[in-house]
Amino acid sequence: MKYLKYLLLLLLFFTGCAQSTTEEEPPLIIGFSQSGTESNWRKAHTHSIVNELEKNHYQVLYRNGFMNQERQIQDIRTFIAYKVDMIVFTPLTETGWEPVLKEAKQAGIPVIIVDRQIQISDDSLYETHIGPSFKAEGHRAGIFVNNFFKESDDPDIRILELSGLADASPTILRSAGFREWIARDKRMQVVDTIYGDFIRMKGQDQMRDYLQHHDLNEIDVLFSHNDEMTHGAMEAIKEAGLIPGKDIIIVTIDGQNDMVQKLRSGQVNCIVECNPDVGFDVANTINRYFAGFYGENNQRMPKEIYIYESVFTEQNMDSIPTRNY
C-alpha cells in the first residue's frame, strides 16, 4: 500500500508538470476596422473575414467605421494603443491614411489592407492588399457593353455612369477600366456621371434628380458601380415609365442575391461580380506571416493578392453559384 501511494504521488507530480508545460499560448489579436455596413455585400465581406480569423484561432477586435474616415482612423489608433498583433482594415477612401499607418509602423504592428486600396508615398507602411482588381471589373463591364452593341447599327451609344464614393479606389479604378475598354468603339461615350456613394437611397435620389433635367430615352446604358445604387436607380427608372433591362441596358457590379434575381427576370443585363468572400485569403496570408513563411529563402509577401471573380449574363445564369448575401 505504501508503494502504491508513492506511485500515485509520482503520477500526480508528472501529470502536473505535463499540464504546466503544455499550456496553450494566448491567441494572437487581430484588429479589424471595417469601413461600414452600407450593403449586404459589405456585411458578407465582414462576416467572411471575422469567421475565417476566428476559425484559425485568432482573437478579433472588430470596429465598424460607419462610413466615416475619422472614426476609422481613431479605431486604428485604438488598436495601436491596445498593442494588437496585426491590423486589418478596409479603407473608406484612398487618401488620408499615411499618418496613422506611420504610427502603426513605429509601434511595430504590421498592417494588411482589404477590399479598397490606398494611395501613400511609402508602401512599406502596409504588408499587402487583398481584394478585387477594381480596374479589371471596369474592363469586364466595358467588354460586355462592347459585345452587346457589336452588331448594332446605332451611330451613338450613350452611357450614364452611376459612380460610388468619389474618393474611393473602386470608383476611380472601375471608371478608368470601363472607359479604357469602351474607347475601342468610337460610338460609345459616357455622357454623364452621377455619384451615389454606394448607397441605395442616394442612388435613387441621384437618378430622380437626373431625370428631372434629362430625357432617359436618350441614354442607352446605365453603368452602375454597385448593386445597392442599381436597386435605387431602377426604382427611379420605373417611376419614369421606362423598363430596366429593355428600354435601358443595365450593367451593375457586385452580385448580391437580390440582383441575381433581377438578372433572371430580365431587368438587369449584366452583373460583374465583386467577390466578398476574402476571409480564406486573409487568414491564409496572416497564418503564413506569423509562421515566418515570408522571409524564408527571401520569400516576399506580394503587394497585391487578387481574388477570383466572374461575370454573369443571361448566357450563364444557370451556372451562377448560390449567393449567401
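Residues numbered from 1 in each chain as written. Predicted model: local features only at pLDDT ≥ 70, side-chain atom pairs only at ≥ 80, totals over all residues. Heavy atoms only, no water.

Chemist: Would you take a moment to explain the overall build of the protein chain for this structure?
Modeler: In terms of regular secondary structure, the protein chain is built from 10 helices and 12 strands. The C-alpha radius of gyration of the protein chain comes to 25 Å, more than 25% above the 20 Å expected for a compact globule of 325 residues. Relative to its 325 residues, the protein chain shows a buried fraction of 50%. Of the contacts formed within the protein chain by residues at least 6 apart in sequence, a portion of 73% connects residues at least 24 apart. As presented, the protein chain carries roughly 16200 Å² of accessible surface, and 50% of it is formed by carbon and sulfur atoms. (Helix = DSSP H or I, 4+ residues; strand = E, 2+ residues; numbered from the N terminus. Rg over C-alpha atoms; globule rule 2.2 N^0.38 Å. Buried < 20%, exposed > 50% of the residue type's maximum accessible area, 1.4 Å probe, protein only. Contact = heavy atoms within 4.5 Å. Areas by Shrake-Rupley, 256 points an atom, 1.4 Å probe, with all protein chains shown as cover.)

Chemist: Would you explain the packing of helix H3 (residues 69–82) against helix H4 (residues 98–106) in this entry?
Modeler: The angle between the axes and the distance between the axes are what describe a pair of packed helices. Contact geometry for H3 and H4: axes closest at 10 Å, N-to-C directions at 5°. In terms of their interaxial angle, H3 and H4 are classed as roughly parallel. Across from Ile73, Ile76, Arg77 and Ile80 in H3, the residues of H4 making contact are Val100, Glu103 and Ala104. Looking at the contact of H3 with H4, its residues break down into 5 nonpolar, no polar and 2 charged. (Axes fitted to C-alpha atoms, helices over the stretch in contact; angles between N-to-C directions. Parallel < 35°, antiparallel > 145°, perpendicular 65-115°, else oblique. Nonpolar A, V, L, I, M, F, W, Y, C, P; charged D, E, K, R; others polar.)

Chemist: I tried to follow helix H9 (residues 257–264) on my own but got confused; where do I start?
Modeler: Every α-helical turn comprises 3.6 residues, leaving residues that sit three or four positions apart pointing alike. Of the positions making up H9, those classed as buried are Met259, Val260, Lys262 and Leu263. All buried residues of H9 fall inside an arc of 155° around its axis, so they share one side. If you follow the buried residues of H9, they end up packed against helix H8 (227–239), strand S9 (249–254), strand S10 (270–273) and strand S12 (311–312). Positive phi appears at Gly266, one or two residues downstream of H9, with a value of about 85°. (Arc of directions from axis to C-beta.)

Chemist: What's the story with the pairing of strand S4 (residues 111–114) in this structure? I'm lost.
Modeler: When a strand is regular, its side chains alternate between the sheet's two faces. Covered by surrounding structure in S4 are Val111 and Ile113 together with Ile112 and Val114, the residues of both alternating faces. The β-α-β motif built from strand S3 (residues 86–89), the intervening H4 and the parallel element S4 has right-handed crossover chirality. Of the strand pairs in this sheet, S4 and strand S5 (residues 128–131) are connected by 3 bridges, and their pairing is parallel. Considered in S5, the bridge of Ile113 is made with His129. (Right-handed = clockwise from strand over helix to strand, strands pointing away. Pairing = 2+ DSSP bridges.)

Chemist: Please explain the nonpolar core as it appears in this structure.
Modeler: Note that soluble globular proteins tend to have their nonpolar side chains buried in a common cluster. Leu160, Met207, Leu216, Leu222, Ile237, Ile248 and Ile271 are the most contacted members of the largest nonpolar core, which has 28 residues in total. Every element with two or more residues in this core is listed here: strand S6 (157–163), helix H7 (200–213), H8 and H9. Once residues within four sequence positions are removed from consideration, Met207 is found in contact with Leu160, Ile194, Leu222, Ala233, Ala236 and Ile237. Residues Ile182, Val221, Val251 and Cys270 belong to the second largest nonpolar core, which totals 22 residues. (Core = buried A, V, L, I, M, F, W, Y, C linked by side-chain atoms within 4.5 Å.)

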